[in-house]
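# A closer look at the structure
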Amino acid sequence: MSDWRIILSTTRQWNPGDEFIAMGVERLLRQVVNVDSMAAWNRNPDLFIDEWRDSTLRPDFLTNSLRDPALLFSNLVVAAGSPEWCGGPMRRLYEEIAQKPDIPFLVVGAGGGSLPFRPTPLDEEVLRRKNTWISTRSEVLAQQINEYLGEEKAIPIPCPAFFSGCPSELPSEGKNGRIGLIVQSTAVRNQSIGDQLYQQITDLLSKDSSGKIDIICFYQDEYSRFQALFGNTHRVIYHYASDRLLGILSRYNAIVSTRLHGAIGALSLGVPSRVICESENQRITSTLCLFPHELLASLPVDDAISWAKQQLDQTDTALPTGLLEFRNQTEATYLTLLRRQLNCS
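Residue numbering note: each chain is counted from 1, following its sequence as written. For a predicted model such as this one, the threshold for reporting local features is a pLDDT of at least 70, and the threshold for listing and counting side-chain atom pairs is 80 or more; totals across whole chains, interfaces and linings nevertheless cover every residue. Remark: hydrogens and water are excluded; side-chain values derive from all non-hydrogen atoms of the structure.

### Section: the sheet that holds strand S6 (residues 154-156)
Only strands joined by at least two bridges in the DSSP assignment are considered to pair. Think of it this way: any DSSP run of H or I at least four residues long counts as a helix, any run of E at least two long counts as a strand, and we number them from the N terminus. What the six strands build is an open sheet, ordered S2-S1-S3-S4-S5-S6; its pairing is parallel. A strand with exactly one partner marks an edge of an open sheet, and here the two such strands are strand S2 (34-42) and S6. Along the sheet, successive strands turn relative to each other by an average axial angle of 20°, direction set aside. Strand direction decides the pairing type here: strand S1 (residues 3-10) and strand S3 (residues 76-82), joined by four bridges, are parallel. Residue leucine 8 lies in a different strand from S3, and its bridge partner there is valine 78. Packing against the sheet, helix H4 (residues 139-149) makes contact with strand S4 (105-110), strand S5 (132-136) and S6, and its axis sits at approximately 165° to S6. Only the stretch in contact is used when a helix axis is fitted, and all axes are lines through C-alpha atoms; the angle between N-to-C directions ranges over 0 to 180 degrees. In this description, contact between two residues means that some pair of their heavy atoms is separated by no more than 4.5 Å.

### Describing the nonpolar core
Buried Ala, Val, Leu, Ile, Met, Phe, Trp, Tyr and Cys residues that are joined via side-chain atoms within 4.5 Å together make up what is termed a nonpolar core. Burial classes follow relative accessibility: with a 1.4 Å probe on protein chains only, a residue under 20% of its type's maximum area counts as buried, one over 50% as exposed, and anything between as partly exposed. Judged by nonpolar contacts, the single largest core of 55 residues is most densely connected at Val78, Leu106 and Ile216. Broken down by element, the residue count for this core peaks at seven residues, all from helix H11 (residues 323-342). Leave out the neighbours within four places in its chain, and leucine 106 touches Leu29, Leu76, Val77, Val78, Ala79, Trp133, Leu338, Gln341 and Leu342.

### So, the pairing of S5
Burial analysis of S5 places five of its five residues in the buried class, which makes it a mostly covered element. One ladder, built from four bridges, connects S4 with S5; its direction is parallel. Bridged to alanine 110 within S5 is threonine 136. Across three bridges, S5 lies against S6 in parallel orientation. In the sheet register, threonine 136 faces S6, and the bridge partner there is proline 156. Considered for its hand, the β-α-β crossover made up of S5, H4 and S6 is right-handed. Whether a crossover is right-handed comes down to one check: with the strands pointing away from the viewer, does the path from the first strand over the helix to the second run clockwise; if it does, it is right-handed.

### Some words on helix H6 (residues 220-230)
Within H6, the full set of buried residues consists of Glu222, Phe226 and Phe230. Along the long axis of H6, the arc covered by the buried residues comes to 30°, so they all point the same way. Elements that come into contact with the buried residues of H6 comprise helix H5 (195-207), strand S8 (213-216) and strand S9 (236-237). What the arc covers is the set of directions going from the helix axis to the C-beta atoms.

### Some points on the environment of glycine 174
Mapped onto the elements, glycine 174 comes out in the loop between S6 and strand S7 (179-182). Each C-alpha atom of the pair glycine 174 and asparagine 75 lies 42 Å from the other, and the pair is 99 residues apart in sequence.

### Comments concerning H11
Since there are 3.6 residues in each turn of an α-helix, residues three or four apart along the chain are aligned in direction. Here a helix's expected span is defined as the number of its residues, less one, multiplied by 1.5 Å. Over its 20 residues, H11 extends 28 Å from the first C-alpha to the last, a length consistent with the 28 Å expected when each residue adds 1.5 Å. Two residues or fewer after H11 comes asparagine 343, characterised by a positive phi angle close to 55°.

### Here we look at the pattern of salt bridges
Any Lys or Arg side-chain nitrogen found within 4 Å of a carboxyl oxygen on Asp or Glu counts as a salt bridge. All told, the structure shown has 11 salt bridges when counted by the stated rule. Ionic pairing is found between arginine 43 and glutamate 84, a salt bridge with its closest N-O pair at 3.7 Å. Highlighted residues: arginine 43 in the loop between S2 and S3 and glutamate 84 in the loop between S3 and helix H2 (91-99), separated in sequence by 41 residues. Arginine 43 sits in the buried class, given a relative accessible area of 1%. Put simply, arginine 92 and glutamate 95 hold a salt bridge, and the shortest N to O gap is 3.9 Å. Of the two residues, arginine 92 and glutamate 95 are both situated in helix H2; the distance of three residues between them amounts to about one turn of the helix. Residues joined by salt bridges that share partners form a network here, namely Arg91, Arg92, Glu95 and Glu96.

Don't take any of this as a statement about function, it's just geometry.
Take a look at the structure:
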């Protein structure tokens, strides 16, 4: 089969991190197969009747995404990461996959929270198929899946958002001599950080007089809040388009981020990055474990900003040590396994 008609499960206009994952998955797939078409199964919670509680699509909502999976016209289904790679908003897609046993299903970069893996009977039926392939961005989740299924089905590989950009795509005009601080607040449902971490970040910004730290927001609600709080003392950056947002990150000397995929997306472009998060956030910490500590790690707020300020002193544009070697190694792993699964030479 020379041409592939793909359904890609992701979110659109909801979480830029999900779109970074989708960008990385698409970049990998296009090195393996000839993509004839790619349609989105959009898990944006606005499209469902009751967000996370009722996974039935709203009948009155028009969107340039699939309303029905339409596997009649597709020959490959791909779930691009995130914790919502089974269950909930994926139910309708899994129902169609179950009726089409010859169509391969790839789960690329599955994530998860701290809860044990507990699939529905429908999920389990699809996941047990021989033409279902699973990679996870967490060793913990891979172990949970494999123990539940009783076979070595899931393979832990660094998150595919690591391929959302490429160091060769860095802007020709060079770095802007600034630190990008990607922040969350308590403003966006299901996308918030804890009160203590939020307070630490706002205290730091209130005291900062360097003029070197820009606030970068992934959500409009966050932008409105931080613009109101710090718009007179800091540049507050936002863009609705995820690809443009990724381009904005490429200009910085360093990125410090409460958002996991903000840091990984920046690192994909060769920008030194660090994460700040609560220590109990297993979703983030388990993902970081698959990256070398010197490339991507979690630090306390003050330590992360101190580290970022050291990057401002770097006069050359050299990539972080070991980045290309690790990227090439990870990419080779993905491509080998995907080609094997899809029977591509």
